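Okay, here's what each chain looks like letter by letter:
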Amino acid sequence: MLERPRAWRVRGAALRIAGGLAVAPLLALVPPHAPWALGALGVGVLLARRRWQEDYTLVDLEGACPVCGAALRPPRGRLQHPHPVTCEACHHQATLRVDGLDSPPGPSSG
Ligand SMILES: [Zn+2]
């Protein structure tokens with residue numbers, strides 16, 4: 001688990017918004033124009049929001065599925081509170097809880 005500093009989250013969110021703003025005019029050239037541009041802006045905002053909320057990144061997990069015993073290998077990504085982990089073998093959805101993260105501090109805790 002990696003703790004992500006505020007500067008990392010701000011930079012990542014800004015890059016995603018800038019990417020959406022850069023792509024939107026190009027996509028606006030394609031008929032029907034406005035939906036593509038609005039879609040690019042919306043995707044940029046959604047990706048920026050996800051980055052802004054990434055207080056911690058799940059890097060690796062060692063554990064077994066409580067149903068079938070297969071090794072759990074969640075993809076690397078934003079650690080949620082609690083974090084759903086799906087077993088690839090039986091598709092059981094387990095929940096990962098990290099002590100002290102159930103009520104994270106900061107503005108993105110909601
Ligand atoms: Zn399983």
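1. Considering the domain arrangement of the chain
Accessible area lost upon the coming together of the parts is a frequently used measure of interface size. The domain architecture assigned to the chain consists of domain 1 (2–52) and domain 2 (56–105). Of note, the centres of domain 1 and domain 2, computed from C-alpha atoms alone, are 28 Å apart. Each partner contributes residues to the interface: domain 1 has five residues there, and domain 2 has five residues. Where domain 1 abuts domain 2, roughly 480 Å² becomes buried across the two surfaces, and 43% of that area is made up of carbon and sulfur atoms. For the domain 1 face of the interface with domain 2, the top three residues by lost area are Leu-2, Arg-4 and Arg-50, together amounting to 81%. Here domain 1 is connected to domain 2 by zero salt bridges. Inspection of the region where domain 1 meets domain 2 yields two residue pairs in polar contact (both at pLDDT 80 or more). Tallied by class, residues from the side of domain 1 that touches domain 2 come to two nonpolar, no polar and three charged.

2. Examining the packing of aromatic side chains
One pass over the full model with this rule turns up zero aromatic pairs. The aromatic ring of Trp-8 is capped on one face by Arg-4, whose charged end is 4.0 Å from the ring centroid.

3. Topic: the coordination of the zinc ion
Summarising the metal site, the zinc ion is bound by the protein donors Cys-65 (SG), Cys-68 (SG), Cys-87 (SG) and Cys-90 (SG), whose distances to it range over 2.3 Å. Relative to the metal, the four donor atoms surrounding the zinc ion lie at angles of 103 to 115°, and the coordination shape comes out tetrahedral. When its relative accessible area of 4% is taken as the criterion, Cys-65 is described as buried.

4. So, unusual backbone geometry
For residues besides glycine, phi is generally negative; the peptide bonds are generally trans as well. Residue Pro-32 is bonded to the preceding Pro-31 through a cis peptide linkage, with omega at 5°. Residue placement: Pro-32 occurs in the loop between helix 1 (6–27) and helix 2 (34–52). His-81 connects to Pro-82 through a cis peptide bond whose omega is -5°. Mapped onto the fold, Pro-82 is located in the loop between strand 3 (77–78) and strand 4 (83–86). In this structure, His-33 takes a positive phi of about 60° despite not being glycine.

5. A few points about the pairing of strand 5 (residues 93–96)
Burial along strand 5 is one-sided: the face carrying Ala-94 and Leu-96 is buried and the face carrying Gln-93 and Thr-95 is not. Bridge count between strand 4 and strand 5: four bridges; the pairing is antiparallel. Paired with Val-85 across the bridge in strand 5 is Ala-94. What sits between the antiparallel neighbours strand 4 and strand 5 is a turn of six residues, in which His-91 has the positive phi angle 65°.

6. Concerning helix 2
Taking 1.5 Å as the rise per residue, helix 2 with 19 residues should run 27 Å; its terminal C-alpha atoms sit 27 Å apart, in good agreement. For helix 2, the set of buried residues is Ala-37, Ala-40, Gly-44, Ala-48 and Arg-51. All buried residues of helix 2 project into a common sector of 65° when viewed along the axis, lining one side. Counted as exposed and oriented over 90 degrees from the buried face of helix 2: Leu-38, Leu-46 and Arg-49. Packed against the buried residues of helix 2 are helix 1.

Rules of the game
- Throughout this description, residue numbers start from 1 for each chain and increase along the sequence as written.
- For a predicted model such as this one, the threshold for reporting local features is a pLDDT of at least 70, and the threshold for listing and counting side-chain atom pairs is 80 or more; totals across whole chains, interfaces and linings nevertheless cover every residue.
- To get the side-chain values, take all heavy atoms of the structure and skip hydrogens and water.
- Boundary definitions for the domains trace back to an automatic or database domain assignment.
- The contact rule is simple, with two residues in contact once any of their heavy atoms fall within 4.5 Å.
- The term buried area refers to how much accessible surface (probe radius 1.4 Å) is lost by two components on association, counted for both of them together.
- Salt bridges are counted wherever a side-chain nitrogen of Lys or Arg sits within 4 Å of a carboxyl oxygen of Asp or Glu.
- Here a polar contact is taken to be a pair of N or O atoms separated by no more than 3.5 Å, where protein atoms must pair a possible hydrogen donor with a possible acceptor and residues adjacent in sequence count only if both atoms sit in side chains.
- Three residue categories are used. Nonpolar comprises Ala, Val, Leu, Ile, Met, Phe, Trp, Tyr, Cys and Pro, charged comprises Asp, Glu, Lys and Arg, and polar comprises the others, including Gly.
- Ring pairs are drawn from Phe, Tyr and Trp, using the six-membered ring of Trp, whenever the two centres fall within 6.5 Å, and their geometry is named by plane angle: stacked under 30 degrees, edge-to-face over 60, tilted for the rest.
- A ring is scored as having a charge over it whenever the NZ atom of a lysine or the CZ atom of an arginine sits within 6 Å of its centre and within 35 degrees of its normal.
- Metal-coordinating donors are taken as N, O and S atoms lying within 2.8 Å of the metal, or within 3.2 Å when the metal is Na, K or Ca; because water is left out, some sites can appear incomplete.
- Four donors are marked tetrahedral only if all angles between them lie between 85 and 135 degrees, whereas four are marked square planar and six octahedral if opposite donors are more than 155 degrees apart and the other angles lie between 65 and 115; the remainder are marked irregular.
- Here's how the labels work: a residue is buried when its accessible area is under 20% of the maximum for its type, exposed when over 50%, partly exposed in between, all with a 1.4 Å probe on protein chains only.
- In DSSP terms, a helix is any run of H or I states spanning at least four residues, a strand is any run of E spanning at least two, and both are numbered starting from the N terminus.
- Should DSSP find at least two bridges between two strands, the strands are taken to pair.
- To estimate how far a helix should reach, multiply one less than its number of residues by 1.5 Å.
- For this quantity, the arc is that covered by the directions from the helix axis to the C-beta atoms.

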